[in-house]
Each structure stands twice: as C-alpha cells, then as structure tokens.
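# Inside the fold
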Amino acid sequence: MTIEALDLHKSYTIDDRRIQVLKDVSFAIAPGEFAVIQGTSGSGKSTLLSILSGLDRPDSGTVRIQQQDITHLSEDDLAPLRNRTFGFIFQSFHLVPSLSALENVMFPAELARTPDPADQARYLLERVGLGHRQTNMPHQLSGGEQQRVAICRALINRPAIIFADEPTGNLDSRSGQAILELMLEFQHELHTTLLMVTHNPDIAKRADTRFHLTDGRIAGSEA
Amino acid sequence: MHLGLLIRMILREVRQNRQQTAVLFLCIVLSVVGLTALGGFQANVQQAMLRDARQLHAADVIARSSFPFLPAMEAKLARYAERPDVATARVWEFYTVVRTMDASASLLSAVKVVEPGYPFYGQVATASGLPFTEMLTPGNVLVEQALLDRLGLSVGSRIYLGDVAMMIRDVVISEPDRPVTVFTLGPRIFVNARDRGKLGLITQGSRVRYKALLRLPEGLTPETVQKDLLSTADLAQERVDTFRSADSRLKRIFDNLLFFLKLVSIFTLLLAGIGIQSVLTALLRTRIKTMAAMKALGAPNAFVMHLYMGLVLLLSMVGTLCGVLAGLALQEGLGRLLSDLVPVTPSFRIVWPAVGESLLVGLLAVALFAARPLLGLRHLKPSALFRHEEGHRRVRLGEGGVVLVTTLFFVGLVLWHLDDLRTGAYFIAGILGLVGIVWAAAWLYLKGLRRLPTRHLVLRQAIRGLFRPRNATQPILVTLMASLTLIFAIFLTEKNLNATFVDAYPEDTPNVFFLDIQRGQTDRFTQTVGRTSQFYPVVRAKLMAINGNAVDPARERQRKSDNLARPFNLTYRHHLLENEKIIAGKTLFQAGGGNFQVSVLDRIAEIGNIRLGDRLRFKIQGVPLDARVVSIRTRTRESMQPFFYFVFPEATLRQAPQTIFTALRVAPEAIAALQNQVVQALPNVTVLDASRTIRQVADALGRFSQAIRFFTLFSMAAGILLVASSIIATRSARIREAVYFKILGARRRFVLYVFSLENALLGASSAVGGLLLAHLISWVVCTRYFDIAYKTYPAASLSGLMAGIAVVMAVGLSASRAIMRRKPAQFLRTHAAE
Ligand SMILES: Nc1ncnc2c1ncn2[C@@H]1O[C@H](COP(=O)(O)OP(=O)(O)OP(=O)(O)O)[C@@H](O)[C@H]1O
Ligand SMILES: [Mg+2]
C-alpha cells in the first residue's frame, strides 16, 4: 500500500512561541517497502510518524494511503484503518496492562470480528517464542518479551502498513537485533510496508529507503 | 522549613488536582453536616423542653393513673391539699362525642375537666383575651376553634356533652400542657370540674386519665414530694412525675428518630472517610515519582510529608468549616420540618458545644482517614523513581494500628451518641455483620466474575477493567453495597409501614371504633347502627408479675417497643379470630384446664419473654387474677383489625368489670350521621373515627421519613463521591486503556461501552446485593420489630435497582468524560518514557 505525504506542515505553540516542527514535508513510500526515518532527537520523527498513521493531524498538507486522504477523517472513520490496515509498534511497547499476553494479541482481531482470534494469536506467540507465556500479564514480561507481544499484536490482522517508532530503543542490542529480525521476517512473509523511526545505523542500513529529517524538512532519501 | 515555599506548593497542588481536591473537600464537608445539624437541633429542643418543662406539665408534680386513684394515694393527696402552701388541682381527660343542639352534627372531642387553679404554670390563652378561670364557669365550656369550624358553631352556641347542654363561652388558642400528647383524636373542650358529676359520662370502665397537679412552695422540692407519693403508690397503675422527670411518649419517639438520624450520619461519616482515604491515596500515587525525585534532589523527608499534611490540613479546616455552616442551615430546616411534632418550639440558636464537637469529630475523622496514605509517604525512597507503577504494597504494622484506632473511633462515636448501651451494641454488631456479609459477598462475586469465561469482547474488557491494578473494586463494591443496602432498607421499611398503617385499608377493614359500650347496651347498639357486628368484651387490667417476678414499671417505660407496665385490655372468647393461629400449645385453652388459663399473642410474649406454662398475675381494679399460659397465638396478617394480647376463657372474666368494644366499616360520608345516632342513643359510647387518626399518623410518618430520607441522601452522596474517587484513582490507567483501544482500532463507542459496562457491572452488583440485603433487613424489622406483614414491592424494588445503577453509571460517565477526550498522540508523547 502506498503512503504519500504532500506538503506536510506541523507547528506547536508554547507560551506564544511557535515551534515549526515539520515544514513542507513530501515523499512517497511504495508498497512492501522497508523505509526508515532518521534524524536527531527533537527533529520531528515521532511527530511525522503519528501524522502519517492518523494518530495526529498536520496543520496543512495531505497524507494519502492508497490514494485516500486520511487527514480529514474523523476518529471513528480512522478506527477501521488503524484496526485492519495499520499496525503499531512503539519504543515503550504500550501493551494494555489489564490484559494477558494472549489477550493483547487477540484484541485487534476481536475488534475486527475475525473468527478464532485465539488460535491465530497463539500461533503468532508460538512463532515469536512466547508460546509458554500466553497467560502472563505485561508486567510479568521482560522488555524484549513485551515487544514481541506487541509485534504479534500489530500483525494479527495482517496489516498493509506497520508503523514502528524506535521499536528497539528500549532494548539491549541483542534483543533489539532479534526484534528486528522478527519484524523483517514477517514483513517479507506478508508483503507489508514497514515504516520505522530509528537511531540505529545498523538497522537503517538494511532499509530499502532512508529519509533524513533535519530542521523539519526531509533532507534526502536514498534507495 | 521555608513556609512560603510550602504554601506556594500546596496551592499549586490544589490547582493542579482540581478534581481530586474537590472530591476530597466534598467528602470532608459531608462528614460533618449531619452530625452538626442533629447535635444543634437536639440541644435546642432539649433546652427548650427544660425551659418549658414546668409549663409543659403545668405543675411541679403530677400524679396520674388510668383508674381512679387508690385510697392510699387519695389520702396522701388530701394531706398535701390541706397544706396552705401547696396548691392542688385535679384534671380528668377523656374522649367523648359532642353534638349540636339540633343533632345535625357531632364530633369526637377531647374533654379536659379541670379544677380551679389549673394551670399552675403557663396560661390557657383565650380568644377574648380574658382570663381562663373567669371564662370557665360552671355550665360553660371553652373549645378549640376547630370544634366550632367542624360543627358550624360560634361562641355563644350551645352543645350537648353527653345529654347535658353547655354554652360555648370562648375559644381556646393554646394550653400549656397540650403539646405533650402525641396524637389527638379531636379538638379540645374545657369543662369546669363542678360540672363533672352532672355530665354522668365518667363511668367506671371508660377511658379516663386521672391526674392530680401539685404546685409546691419554694422550700419543698418536687423530688421529695414525688418520693413521698410514690412510697404508697400502686406502681402497677399509678405514676408520679416531677416536671423534670416527666417524659412524653412523643419525646421518646422523637429521641428515637434523632438517634436513628445520628446513626445514619455516622454511617455517612464512615463513607466519607473512606472516600477521603481513597482520593488521597490516588492523589499521592500520581505524585510518587515527583516526590521520589524531590527526595533524590535532597529535599528532606519532612518536606514531602509537610507538603501533603499541609494540603490535608488546609482542606480539612475549610471543609469542616463549610460542613458546619451547611449543618447549621440544615438544623434550621430540620426545626421547620419537625416543629409541629416537637412539643416545644425551639428557637434557632447556634449551640457552640455541638458545633465544637462536630468540628472536632470532623477533624479527627479526616486525620484518621488521611493517616494511612500520609504515613505511607514515610517509607518512600528515591528508588521509587525506577520502580514500575504496578506491583504490590505490603501492609505495614503502623497502618494496621491506624485501622484499629479508626474502628475504635467509630465504636466510641456510636456509644457517645447513645444513651442505651444495648442498642449501641446491636447497632455496632449489625454494622459489622452487614459489612462482613457484604465483604464476603463482594469477594465471592468478584472471584466468580474473574473466572467467568466470556467471549463477548466488551463484557470481557469491562470485567477486566474491574480488576485493573489498584482499582480498589472490592472496597468500592462493599461501601456502595452497604450504603445502598441502608437506603433501600429504609425505603422498603417505610413503604411497608405506610402500606400497613396508611394506604392498605382493605374494603372490609373497620374504620370506626366504638368503645365503652356497656354490657346491657349491645342490643340497643345493634338496633341503632342497623347491623350486626362482633362484640369484644374488654376488661382493663395490669400485668403484675410473670412467674412471680414483679413487672417493674420504671424499667418497662425504658423500652422502645410496647411495655408490660401499661394497662392491658383483656378479653374472653373460645375461638380464634379469622386472622389468628396458634403457634405454641395445641388449642386455645385446655379442656378441663379450669378457668385460670390464658392465651397470649406472640408479640407480647416476645416482649415479656413469656413461654408456654408461665404464670401471669394480673390485677383488675385491685383484684388479682392468676393464670397459666396455655397457648401462644400469632396473627397471620397484620391490619387495622382489633386484636388482644391476652384472651381468657369466658368463665374467668364474665363477672369482671368490663366494657364492650366493636368496630364497623362505614362509608366515610355516613360516619358523621352514624356517630350522631349512636351518641344520642348511648351517650357513654366513645366513637372513634379512625380514618382521621390514620391521616395524622400518616402525616407524622411522612415527616419522619422525609427527615430520614434527607439524611440517607447524605450517605448516598458519600457513596457517589466514592465512585467518583475510584474513577479518579484509576484515571491514568483508564486513559491508558482508552488510548490503546483507539490505537488498536476501536471506535469511541467501544471505549464508551467498555467503561459504561464496567460502571454498570459495579452499580448492578452493588444494587442487586444491596437490594437483597435490604429486603432481608426490612423483612426482619417489619416482622420482628413492627410486627407487620411484609410485602416485597417488586416494581418499586426494580425502579430502586435501576436508579442505583443509573446513578453509579452517570457518575462514572461524567468522571470518565475527560478521559475519553484524550488524543492518542498526546498521550503517547507524555508516556513514551515509561
Ligand atoms: N504536543 C507538543 N507540544 C509542544 N511541542 C511539541 C509537542 N509535540 C512535539 N513537540 C515538539 O516537537 C519537536 C519534535 O518532537 P518529536 O517527538 O517528533 O521528536 P523526535 O524526532 O521524535 O525526537 P526523539 O528522537 O527524541 O524521539 C520537539 O521539539 C518537541 O518538543
Ligand atoms: Mg520520537
């Protein structure tokens, strides 16, 4: 699924001071591509990712997902998109604390009313090596384990696009590596578009496309 | 310690946590409102009563009896009457029907025959303004305006009292000792004592109250005279009171009401205290990281403690002050609502000791409930910075101590507010039992719910929500259920009382009672009313002893229920009434058991702890009568039908002095005419139009329950604050869930459903549990205490249930609104570091 950004602008006003975070950002990502957004801290990477994924709105500009403009969709219209088309993976995992590992994974499938959500969730958990931790609550899992659960949760509805904001940022390099391998494995298998924010040059190296954010502008993209 | 900095920080905390501070503040206000109002009101009434006590009884010493005074008493009274410095006056009170001269109208009236000198204190105010004694000359009567209105007469008209014509000389506006009587069945008529013989109405056996009033000189204390008179009095039927000791029945009802309201207020205080604790705990929890950081930066332990102690202190001072002010307003309202029912008109006055007491109680309660969360701060270590939010706290020894002190505080408070240790013990045991049962029920319920396998997503999420870490679902469920139990129980009991005494008036239930029919008058009576009716012989008697143990009148009068020392109406018959059945013993009487047997109604058997085979000693106008209990009866349904505690075989009482009682169902519009006919034919018969009494009772009951309902509203409010506080306590967890649900593709509606269903589950389970318990409690209260039939009122119960659920849901929803509005991106930013 294609992601297109056209003239995105975003600014924040704090105490009468305007901070221009994104200026005139435009680019496109082809279906099935693995794209990486890089940039210094505070350069606006997370802001861009949340605008592209419909979690936030730009001040102006358009985001098109498969030719559909999503910047003017209401929260409720965005819901099915987030549920079925997008998958999210965050640096700090963000698992629902009151749900077990299995229930966290099942949840998007249940919302989508997929038949047998538990079977699929179990399958995914087995694949990431957490078959024996299904009933554990998030706080009983390590960071790497939590992130693996989050990956399963992002994948259960076979999304066309996965947005990942520094998914390995909270993990040591070995667990980070494992997480990356998992994500890439699934990406190949499902032909998903993967858009990832990362500071890690090793990860960036493996991407099909790299974007650099500097001063709120896309400085360059390399294939 | 830099005070300025501390104050600035306290104010900043208040500003940053408006919702929490507001709930905390309201809890503190609620905790003192009720007790302040009641304390002040009661003190005012008591003071007014004491101030007016002499006037309320119109004398220093009052001797009274339901029978003519016995010779010993007469002799004593005569001796006092001879003393030049003592004044005495006799008073006879009874009900009789008066008729207009043309017999077109008649009315049951409360006759008061008085000797000159009455009243020794206070005044009988007349409409003309002329002195009472000058107006009340023989042949004349003074009446209340109501009598003139109801009979269509005016001053100067003549009326028949029995068969004697009297002239209405003036209208009585007020009499000093009138207010101590509870319900009056008719307007007052004053008659000069010299007309007493002429009236011929006061025959033996009719229900006359005999009184002797004494006014004493300076040097003679009422207590001395009381003691002297009591030394020869027959305690079974004669009472002697001083103006200080005399205690009206109304005052007792009134004291009971106030006591009950106080218990409700204490319950409210408890709920509010729990609210205070939970909000404060939640507030401090959100601050743990900040506080740990402050400590890590080198702020001394005391600083953090002082900050929050200062916050609590500030809030509790402002809160209790506002609560006391609101309480004073309520005190005024209470005075207005109950003014007609209180024998005196208390002037509104701020009672400083009562105000001080509630301030103290409020501050103490806040201190106790705030202690637990605040003490927890002592153990806070900078390392909390690195710990996760979840995880379990250990209960520390010091906190156990706080719980113990809090419990003792409440036990002490209950005991302090009550004069009767037994009731207090019952109340405390009842509350503990209730909380225990509710706690166990909530525990079982939650355990079951947690295990419930459910495929429905919204329902499962809602149930999960209940088990959110630190959700305190169990305590909330317990307090909600307990307060709903209380509210429902009051509601149901009141409904049942109303049904029995007010509404439920089945078609065939008698509404007119005829008292004091003489033995030879039954045929004449039947002729006059034109139909047959069941005649019940009535023998007035006193219960002297059970199994040789004398009935102690002084102790009996302490009882809140019926007492054994009052005169009883005995009857004789050999059959059971249609609504009676025997629960102990085989038959009403034992064949061949002789005349000295008696059948007892279960209600009085319970009061007197009377069992089968017990020996009862009665005295009928001085003549003793011994009988053995051979059966115990119960009434299959409670109603306005006449009933008798003690039934004898006919042979036992046939010769005893007696009157006959009967009851009829008469169409309301025909009552007046029938009354006239009966009184013309049989002037000694007292006709009681019960429909009016029922209305009076209903009115009083209505006011009482209004007061009660108002006070239960406070505990309801405390319960609601508790729900709000729990939602505030789990705010961050809820926001987190709402955001995650949205990110994963849930619509707003889904989040709304989950939260609403969670609150609905909480509301429904506490309401259902509360309702069931309330039914149990009010069933016990109705059948055991009031001895009335119990109805379940399914429709009303259901609406109560719905209302309970709706309130919990509404509060939950309004508290969740802010949570729902959170935008995902915003949340993820601020919580990225966790
Ligand atoms: N809600 C907001 N209000 C004010 N300023 C904001 C807000 N959100 C983002 N910013 C500012 O926008 C800029 C970009 O933030 P963003 O989180 O996108 O950076 P980032 O590139 O993801 O940084 P990092 O690599 O540290 O995660 C920052 O300067 C931040 O302070
Ligand atoms: Mg970022």
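Now for a look at the structure at hand. (Residues numbered from 1 in each chain as written. Chains lettered and ligands numbered in written order. Predicted model: local features only at pLDDT ≥ 70, side-chain atom pairs only at ≥ 80, totals over all residues. Heavy atoms only, no water.)

## Here we look at the nonpolar core
Ranked by internal contacts, the top residues of the largest apolar core, which has 148 residues, are A:Leu48, A:Leu52, A:Phe163, A:Leu195, B:Tyr308 and B:Phe750. It is helix α9 (residues 249-286) of chain B that provides the largest number of residues to this core, a total of 17 residues. Both of domain 1 (1-59 + 254-419) and domain 3 (435-508 + 694-834) of chain B provide at least three residues apiece to this core. With near-sequence residues (within four places) excluded, B:Phe750 lies in contact with A:Phe107, A:Leu111, B:Leu457, B:Val458, B:Gln461 and B:Phe741. (Core = buried A, V, L, I, M, F, W, Y, C linked by side-chain atoms within 4.5 Å. Buried < 20%, exposed > 50% of the residue type's maximum accessible area, 1.4 Å probe, protein only. Helix = DSSP H or I, 4+ residues; strand = E, 2+ residues; numbered from the N terminus. Domains from an automatic or database assignment. Contact = heavy atoms within 4.5 Å.)

## Considerations on the pattern of salt bridges
By the definition in use, this model includes 27 salt bridges over all chains. The partner of A:Glu75 in a salt bridge is A:Arg82, with the nearest N and O atoms 3.3 Å apart. Connected through salt bridges with shared partners, the residues B:Glu93, B:Lys112, B:Glu175, B:Arg188 and B:Lys211 form a single ionic network. (Salt bridge = Lys/Arg side-chain N within 4 Å of Asp/Glu carboxyl O.)

## What to know about helix α1 (residues 3-16) of chain B
Residue and element names in this part refer to chain B. Compared with an ideal rise of 1.5 Å per residue, which puts 14 residues at 20 Å, α1 spans 20 Å between its outermost C-alpha atoms and is within 8% of the ideal. Those residues of α1 lying buried are Leu6, Met9, Ile10 and Glu13. Buried residues in α1, looked at end-on, bunch into an arc of 105 degrees, giving them a common side. (Expected span 1.5 Å × (residues − 1). Arc of directions from axis to C-beta.)

## Section: the packing of aromatic side chains
Residue and element names in this part refer to chain B. Across all of its chains, the model carries 27 aromatic pairs over all chains by this definition. Ring centres 5.8 Å apart and planes at 65 degrees place the aromatic pair phenylalanine 568 and tyrosine 645 in the edge-to-face group. With phenylalanine 568 in strand β14 (residues 568-572) and tyrosine 645 in the loop between β18 (623-635) and β19 (646-648), this pair connects stretches of sequence that are 77 residues apart. Of the two residues examined, phenylalanine 568 and tyrosine 645, each falls in the buried class. Measuring from centroid to centroid gives 5.6 Å for phenylalanine 710 and phenylalanine 714, while their planes differ by 85 degrees, and the two rings are edge-to-face. Here phenylalanine 710 pairs with phenylalanine 714, and both are found in helix α22 (residues 690-729), just four residues apart, close to one helical turn. A relative accessible area of 40% means that phenylalanine 710 is categorised as partly exposed. By way of ring pairs, the aromatic residues Phe568, Phe618, Phe643, Tyr645, Phe646 and Phe648 are connected into one cluster. Note that arginine 188 overlies the ring of phenylalanine 190, its terminal NZ or CZ placed 5.8 Å from the centroid. A cation over a ring is seen here: arginine 734 above phenylalanine 755, with NZ or CZ 5.6 Å from the ring centre. (Phe/Tyr/Trp six-rings, centres within 6.5 Å; stacked < 30°, edge-to-face > 60°. Lys NZ or Arg CZ within 6 Å of the ring centre and 35° of its normal.)

## Details of the interface of chain B and chain A
Accessible area lost on assembly of the parts is the figure often given for the size of an interface. Residue-level contacts link 24 residues of chain B with 27 residues of chain A. Of the roughly 2,600 Å² buried where chain B meets chain A, counting both sides, 63% is carbon and sulfur surface. Among the residues of chain B in contact with chain A, B:Arg464, B:Tyr740 and B:Leu744 are the three that bury the most area, contributing 24% of the side total. Where chain B packs against chain A, one counts two salt bridges. A:Glu103 serves as the salt-bridge partner of B:Arg464, at 2.3 Å between the closest nitrogen and oxygen. Breaking the side of chain B that touches chain A down by element, the ones donating at least two residues are α15 (457-466), α23 (731-743), α24 (748-786) and α26 (824-830) of chain B. Top contributing element to the side of chain B that touches chain A by residue count: α23(B), with six residues. Among the residues forming the side of chain B that touches chain A, the class breakdown is 11 nonpolar, three polar and 10 charged. (Buried area = accessible area lost by both parts, 1.4 Å probe. Nonpolar A, V, L, I, M, F, W, Y, C, P; charged D, E, K, R; others polar.)

## As for the environment of B:Asp516
All names here are of chain B. Along the chain, aspartate 516 turns up in strand β11 (residues 512-517). On the accessibility criterion, aspartate 516 (4% relative accessible area) is buried. Aspartate 516 sits 22 residues away from valine 538 along the chain, and the two C-alpha atoms are 8.5 Å apart.

## Some details on a positive patch on the surface
Together, A:Arg57, B:Arg748, B:Arg817, B:Arg821 and B:Lys823 give the surface a local cluster of positive charge. Looking at the secondary structure, you find A:Arg57 in the loop between α1 (45-52) and β4 (60-65). (Patch = residues over 30% accessible without salt bridge, like charges linked within 9 Å, V, L, I, M, F, W, Y side chains within 5 Å. Areas by Shrake-Rupley, 256 points an atom, 1.4 Å probe, with all protein chains shown as cover. Lys, Arg positive; Asp, Glu negative; His and termini not counted. Charge placed at Lys NZ, Arg CZ, Asp CG, Glu CD.)

## Details of the pairing of strand β12 (residues 536-546) of chain B
Residue and element names in this part refer to chain B. Of all 11 residues in β12, 11 are buried; the element is thus mostly enclosed. As paired elements, β12 and strand β20 (residues 659-664) share three bridges and run antiparallel to each other. In the sheet register, proline 537 faces β20, and the bridge partner there is isoleucine 660. Pairing analysis gives three bridges linking β12 to β14, with the strands arranged antiparallel. Across the sheet, alanine 541 pairs through a bridge with phenylalanine 568, a residue of β14. Bridging between β12 and strand β17 (residues 615-620) involves four bridges; their strand directions are antiparallel. Residue pairing for β17: leucine 543 is matched across the bridge by phenylalanine 618. (Pairing = 2+ DSSP bridges.)

## So, the site of ligand 1
Taken together, 14 residues form the shell around ligand 1, and within it A:Ser41, A:Lys45, A:Ser46, A:Thr47 and B:Arg829 come nearest. Mapping the residues adjacent to ligand 1 onto the chains of the assembly identifies chains A and B. One of the side-chain N or O atoms of A:Tyr12 is found 3.4 Å from a nitrogen atom in ligand 1. Take A:Ser46: an N or O atom from its side chain is 2.7 Å from an oxygen atom of ligand 1. Within the residue set of the shell around ligand 1, elements represented by two or more residues are β1 (3-14) and α1 of chain A. Each residue belonging to the shell around ligand 1 can be placed in one class, and the counts come to three nonpolar, eight polar and three charged. (Near = heavy atom within 4 Å. Polar contact = N/O pair within 3.5 Å; in protein donor to acceptor, adjacent residues only side chain to side chain.)

## A look at the sheet that holds strand β2 (residues 17-29) of chain A
Residue and element names in this part refer to chain A. Spatially, four strands are ordered β2-β1-β4-β5 in an open sheet, and the strand pairing comes out antiparallel. Among the strands making up the open sheet, the edge pair consists of β2 and β5 (68-69). Taken together, the nine bridges between β1 and β2 define a ladder with antiparallel strand orientation. By the bridge assignment, lysine 10 is partnered in β2 with leucine 22. Where α1 meets the sheet, it contacts β1, β2 and β4, and its direction lies at approximately 125 degrees from that of β1. (Axes fitted to C-alpha atoms, helices over the stretch in contact; angles between N-to-C directions.)

## Description of the pairing of strand β7 (residues 161-165) of chain A
All names here are of chain A. Most of β7 is tucked away: five of the five residues are buried. Alternating residues of β7 divide into Ile161, Phe163 and Asp165 and Ile162 and Ala164, and every residue in both groups is buried. Relative to β7, strand β6 (residues 86-90) runs parallel, the two being bridged by five bridges. Pairing of glycine 87 across the sheet is with isoleucine 162, part of β7. Where β7 meets strand β8 (residues 193-197), five bridges bridge the pair, whose relative direction is parallel. Bridge pairing links phenylalanine 163 to leucine 195 in β8. In terms of handedness, the path from β7 via helix α6 (residues 173-190) over to β8 forms a crossover that is right-handed. (Right-handed = clockwise from strand over helix to strand, strands pointing away.)

## Thoughts on the packing of helix α3 (residues 101-111) of chain A against helix α5 (residues 143-155) of chain A
If you want to describe how two helices pack, look at the angle between their axes and the distance between the axes. Residues and elements named next belong to chain A. Direction vectors running N to C along α3 and α5 enclose 25 degrees, while the axes themselves pass 7 Å from each other. When the axes of α3 and α5 are compared, the pair comes out roughly parallel. You can see that α3 and α5 cross each other, and the crossing is right-handed. Residues Ala101, Asn104, Val105 and Pro108 of α3 pack against Val149, Cys152 and Arg153 of α5. Looking at side-chain class alone, the contact of α3 with α5 contains five nonpolar, one polar and one charged residues. (Parallel < 35°, antiparallel > 145°, perpendicular 65-115°, else oblique. Left-handed = near helix turned anticlockwise from the far one by under 90°.)

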